[in-house]
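So the chains spell out like this:
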Amino acid sequence: AEQCLKLLQLPYRKVRLCSGDVGFSARHCYDLEVWLPGSQEYREISSCSNTGDFQSRRMALRYRPTPAASSSSSSSEEDKVEHSDNGKKKNKKKAKKAKKPRPLLCHTINGSGLAVGRALCAILENYQLPNGNVQVPEVLRKYMGGKDVLEKVVVQKDV
């Protein structure tokens, strides 16, 4: 979402919400707010929350970590031999097979894209020219058939 705002060259800010404003399930939450000149304020256009293991606990979403590499595989033959009290060599018992790590709960995030209606308002307000026309953001021109300006249409009422 932030990359889209950068490409559209819209003025925005990133806000980390305080714990009182974060939803029940979230640990952290960041909002992206876009500047709307018509109302002279920043308004939320996107939100992203880290919910930790809250959601995965409810749906039992788990993963099994990869086991740590055992140090015994790198030891030499000399390390595998013990010496008894009388100086004779005796073989060590075979090392036990490493246990599989226990499954862990995944951590999840919730993120929205851009609120389409608010993004359209932000483009219209931030790119409006003094004569009422709207300059098309450069990144959108290829989708507008190469148009760089949307001209204001004046509708005349019949009296």
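Note that the structure is predicted; figures quoted are calculated from it, not measured.

Conventions adopted
- Residues numbered from 1 in each chain as written.
- Predicted model: local features only at pLDDT ≥ 70, side-chain atom pairs only at ≥ 80, totals over all residues.
- Heavy atoms only, no water.
- Patch = residues over 30% accessible without salt bridge, like charges linked within 9 Å, V, L, I, M, F, W, Y side chains within 5 Å.
- Areas by Shrake-Rupley, 256 points an atom, 1.4 Å probe, with all protein chains shown as cover.
- Salt bridge = Lys/Arg side-chain N within 4 Å of Asp/Glu carboxyl O.
- Lys, Arg positive; Asp, Glu negative; His and termini not counted.
- Charge placed at Lys NZ, Arg CZ, Asp CG, Glu CD.
- Helix = DSSP H or I, 4+ residues; strand = E, 2+ residues; numbered from the N terminus.
- Buried < 20%, exposed > 50% of the residue type's maximum accessible area, 1.4 Å probe, protein only.
- Contact = heavy atoms within 4.5 Å.

## Re a positive patch on the surface
Phase 1: A cluster of basic side chains, namely R62, R64, K97 and K100, defines a positive patch on the protein surface.
Phase 2: Within the element layout of this structure, K100 appears in the loop between strand 6 (89-91) and strand 7 (104-105).
Phase 3: Residue K100 is classed as exposed on the basis of its relative accessible area of 67%.

## Digging into the environment of D148
Phase 1: Mapped onto the secondary structure, D148 falls in the loop between strand 9 (134-135) and strand 10 (149-150).
Phase 2: The partly exposed category is assigned to D148, whose relative accessible area is 42%.
Phase 3: Distance in space between the C-alpha atoms of D148 and P137 is 7.6 Å, their sequence separation being 11 residues.
Phase 4: Apart from the residues within four sequence positions on either side, D148 is in contact with V134, Q135, V136 and R141.

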